[in-house]
Amino acid sequence: MIGDVLTSSVLFEALRNKFPRAELHYLVYRHAMPVIRNNPFIDKVLAFRREDKSVYLINAVREQNYDAVIDVQSVPLTATVTGLSGAKIRSAYEKWYTKLACNHLFSRNIEAETNAGAAVEKRLRLLSPLTEDYQKNLKPKIYLRRNEREEARQYLIENNIDPAETIFMISVLGSSQLKTYPSIFMAKVLDKIAQNFEAVLILNYIPAQEAEVTAIYNLCEEETQQKIRRDVYGKNLREFLALTSQCDALIGNEGGAINMAKALNVPTFAIYCPELNKGNWNIFEDGEQNVSVHLRDYQPELFENKTQQQLKTANMTMYREFKPEFFQDELIDFCKKHS
């Protein structure tokens, strides 16, 4: 996923700081490449598609003659590629199949020591076979060029939006239905923002999601609809990033968009789905620049004695318990700080 690729990019800055002359390559899905474009710490990107055969990946990695391979994804496919890479150092998360392929294994279950959070710290720990001397709270970064930011600014102006106005990007849809805040509740979130702030609301979506976005739009109050600019959106991932860089904050479903906004130093307000452990992904949260809310924060009793599988099964039912009224004060306070 794009958020995973972005978060894992911190490994390159850590390695470059320790090994300035090393050759550092990143193996990623092709669709995730825009979030690491212009990253000065990455020497080469090996891009592949989901339909590529495993033998292609194995050969692509083996021919590089790597000294070390860090398997951040640690799924059966990447474990196989890592195990057959020929690298002396093969680092991954501990699973039954990675034990067969890798010689340095690490648990995913850690308690974060810094505000970088577990998602960053557990990735950096994969570098331990190479060095113990790394900064634990490195922040993922997205590198936009000046012309990209300026084009986004001009795009707003051409659409009669003054960049000096308060502009909130709203992530109305999650990466899947299970990670998407119920439409009726998301509409109420938009209404609450529109009622309390003179702000332009831009929605984060792609044309294929227009029907879902329209459904949320139709649930909003008329005053809110007047502040929503559905015609203004990034036509591709780099355009979305550039447009986000011009916003005062990004608000909505936790996921890739939230992580990308953080990497652009844009304030974020994230709504987590019930099945997710907020502690795994609340990177660089401080209650000011980055804020998140989870049903567990308000009704912890609903989570008592439930396994992860039970939470996953009950996710949509529990979502319906996560009413916007629970966090409306936090939302208004956040918007006030960043409007």
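Just so it is clear, the structure is predicted and the values come from calculations on it, not from any experiment.

Pairing in this open sheet of five strands is parallel, and the strands run β7-β6-β8-β9-β10 from one edge to the other. Single-partner strands in this sheet number two, and they are β7 (199-203) and β10 (290-293). Neighbour-to-neighbour, the strand axes of the sheet open up by a mean angle of 15°, direction not taken into account. Bridge count for strand β6 (residues 166-171) against β7 is five bridges, and the pairing is parallel. In the strand pairing of β7, M169 is matched with I202.

Pairing is parallel across the open sheet formed by three strands, whose spatial order is β3-β4-β5. At either end of the open sheet lies a strand with only one pairing partner, and these are β3 (68-71) and β5 (104-106). The mean angle between the axes of side-by-side strands here comes to 10°, regardless of whether they run parallel or antiparallel. Bridge count for β3 against strand β4 (residues 89-93) is four bridges, and the pairing is parallel. Paired with I70 across the bridge in β4 is S91. Across the sheet, helix α4 (residues 76-83) is in contact with β3 and β4; its angle to β3 comes to roughly 170°.

Now for the nonpolar core. In terms of nonpolar packing, the biggest core is built from 99 residues, with I170 and I193 touching the most fellow members. A total of six residues in this core trace back to one element, the largest contributor, which is helix α8 (residues 183-196). Y29, L57, I58 and V69 belong to the second-largest nonpolar core, a separate cluster that totals 10 residues.

Reading the values: rules and limits
- Residues numbered from 1 in each chain as written.
- Predicted model: local features only at pLDDT ≥ 70, side-chain atom pairs only at ≥ 80, totals over all residues.
- Heavy atoms only, no water.
- Pairing = 2+ DSSP bridges.
- Helix = DSSP H or I, 4+ residues; strand = E, 2+ residues; numbered from the N terminus.
- Axes fitted to C-alpha atoms, helices over the stretch in contact; angles between N-to-C directions.
- Contact = heavy atoms within 4.5 Å.
- Core = buried A, V, L, I, M, F, W, Y, C linked by side-chain atoms within 4.5 Å.
- Buried < 20%, exposed > 50% of the residue type's maximum accessible area, 1.4 Å probe, protein only.

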